[in-house]
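Residues per chain are reported as follows:
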Amino acid sequence: MTESLSGYLRARARWRLDRVQHKDAGWNARCALALLDAAAYVEVLPEDDPLVLALEEAGCFGAHGGGEFEPGEAVARFIDFWHEGEPWELLTALPPVSRGEPVPARR
């Protein structure tokens, strides 16, 4: 699961880097760097890490878990606009987003 999630985050970072927007003031680069940071973080997590298991429970790895990382629309959008914060904060926010709940406040 961690390999699938890391691959997804890297792909979205590449998408951000490939975007050309006039006067984005570095927005796409900040998003890409934050996603690459999160991907590197995920790569070293064990498969049974509580953050990964919470994503599995939230249905982000298919209906029965254990499959490829397949975020719903809300989670995909949240990931695409992630631009700051620690990688664990991103992972912590995704299960509530997938359930349509508010994202926990940053500390």
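Each remark here, short or long, concerns the structure printed above.
Just so it is clear, the model here is predicted, and its values are computed rather than measured. (Residues numbered from 1 in each chain as written. Predicted model: local features only at pLDDT ≥ 70, side-chain atom pairs only at ≥ 80, totals over all residues. Heavy atoms only, no water.)

Novice: I'm lost on helix α5 (residues 87–98) in this one. Help?
Specialist: Since the α-helix advances by 3.6 residues per turn, residues separated by three or four positions end up pointing in the same direction. Here α5 contains twelve residues, and its C-alpha end-to-end distance of 17 Å stays within 8% of the 16 Å for a straight helix at 1.5 Å per residue. For α5, the tally of buried residues reaches nine of twelve residues, placing the bulk of the element in the interior. Those residues of α5 that fall on the buried side of the exposure criterion are Pro87, Glu89, Leu90, Leu91, Ala93, Leu94, Pro95, Pro96 and Val97. Looking at the buried positions of α5, the neighbouring elements they touch are α1 (2–18), α2 (27–43), α3 (50–57) and α4 (73–80). The first or second residue beyond α5 is Gly100, which carries a positive phi of 80°. (Helix = DSSP H or I, 4+ residues; strand = E, 2+ residues; numbered from the N terminus. Expected span 1.5 Å × (residues − 1). Buried < 20%, exposed > 50% of the residue type's maximum accessible area, 1.4 Å probe, protein only. Contact = heavy atoms within 4.5 Å.)

Novice: Would you mind showing me how to read a nonpolar patch on the surface here?
Specialist: On the surface, Leu17, Leu33 and Leu36 cluster together to form a nonpolar patch covering roughly 280 Å² of accessible area. Structurally, the position occupied by Leu17 is in helix α1. A relative accessible area of 52% means that Leu17 is categorised as exposed. (Patch = residues over 30% accessible without salt bridge, like charges linked within 9 Å, V, L, I, M, F, W, Y side chains within 5 Å. Areas by Shrake-Rupley, 256 points an atom, 1.4 Å probe, with all protein chains shown as cover. Salt bridge = Lys/Arg side-chain N within 4 Å of Asp/Glu carboxyl O.)

Novice: Please clarify how the packing of aromatic side chains should be interpreted in this entry.
Specialist: All chains considered together, the criterion is met by three aromatic pairs. With 5.4 Å between their ring centres and 65° between their planes, Phe61 and Phe69 make a pair best called edge-to-face. Given the relative accessible area of 1%, Phe61 is considered buried. What makes Phe69 buried here is its relative accessible area of 6%. (Phe/Tyr/Trp six-rings, centres within 6.5 Å; stacked < 30°, edge-to-face > 60°.)

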